[in-house]
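Geometric and topological summary
Listed here are the chains, written in short residue letters.
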Amino acid sequence: MKISKHLVCFVGGTLFGSAGLKLLGSKDAKKVYTHTTAAVLRMKETVMSTVNCIQENADDILADAKDINAKRAAQEETVEDTSEEAAEEEEDDED
């Protein structure tokens, strides 16, 4: 009884698998695969153009941020130089 049950399951699986392979290899299935692949390629192009746009914007933002930091550093150097000169003048005045 157990052997026949296993045999029936094996034969049924084999038939189902064979029918599935024929279904997956049919002309209609190939058309579906082709249309799906074309849609994926279109989506890829859209995503890549969006990524390129984001990269360009990020490059602009990075350049602006570097400019801001350079200006701040220059201002801080000016303030430090001015405060050092003022401290030196105070020392000279006290002497």
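The structure contained in this document is the topic of the report that follows. What you are looking at is a predicted structure, and each value in this text was computed from that prediction instead of being measured. Residue numbers restart at each chain and count upward from 1, following the sequence in its written direction. Owing to the predicted nature of the model, reporting of local features is limited to residues with pLDDT of at least 70; listing and counting of side-chain atom pairs is limited to 80 or more, with chain, interface and lining totals taken over all residues. Only heavy atoms go into the side-chain values, all of them from the structure, while hydrogens and water stay out.

Overview of the overall build of the chain
- Starting at the N terminus, helices and strands are each numbered in turn, a helix being any DSSP run of H or I of at least four residues and a strand any DSSP run of E of at least two. Scanning the chain from terminus to terminus reveals two helices and zero strands.
- Three labels apply to residues, based on accessible area from a 1.4 Å probe with only protein chains included: buried if under 20% of the type maximum, exposed if over 50%, partly exposed otherwise in between. With 95 residues in all, the chain has 1% of them scored as buried.
- Roughly 9000 Å² of accessible area belongs to the chain as shown, and the carbon and sulfur atoms make up 62% of that amount. Residue-level accessible areas treat just the shown protein chains as cover; the underlying method is Shrake-Rupley with a 1.4 Å probe.

Overview of a nonpolar patch on the surface
- The patches reported here contain residues having more than 30% relative accessible area and no salt bridge. Joining distances are 9 Å for like charges and 5 Å for nonpolar side chains (Val, Leu, Ile, Met, Phe, Trp, Tyr). One speaks of a salt bridge when a side-chain nitrogen belonging to Lys or Arg is within 4 Å of a carboxyl oxygen belonging to Asp or Glu. Together, Val40, Met43, Val47 and Val51 give the surface a local cluster of nonpolar side chains, amounting to about 320 Å² of exposed area.
- Position of Met43 relative to the elements: it lies in helix α2 (residues 27-94).
- Its relative accessible area of 52% is what places Met43 among the exposed residues.

Thoughts on a negative patch on the surface
- Here the positive residues are Lys and Arg and the negative ones are Asp and Glu; neither His nor the chain ends is included. In plain terms, the charge of a residue is placed at NZ if it is Lys, CZ if Arg, CG if Asp and CD if Glu. A cluster of acidic residues, Glu56, Asp59, Asp60, Asp64 and Asp67, forms a negative patch at the surface.
- Mapping Glu56 onto the fold places it in helix α2.

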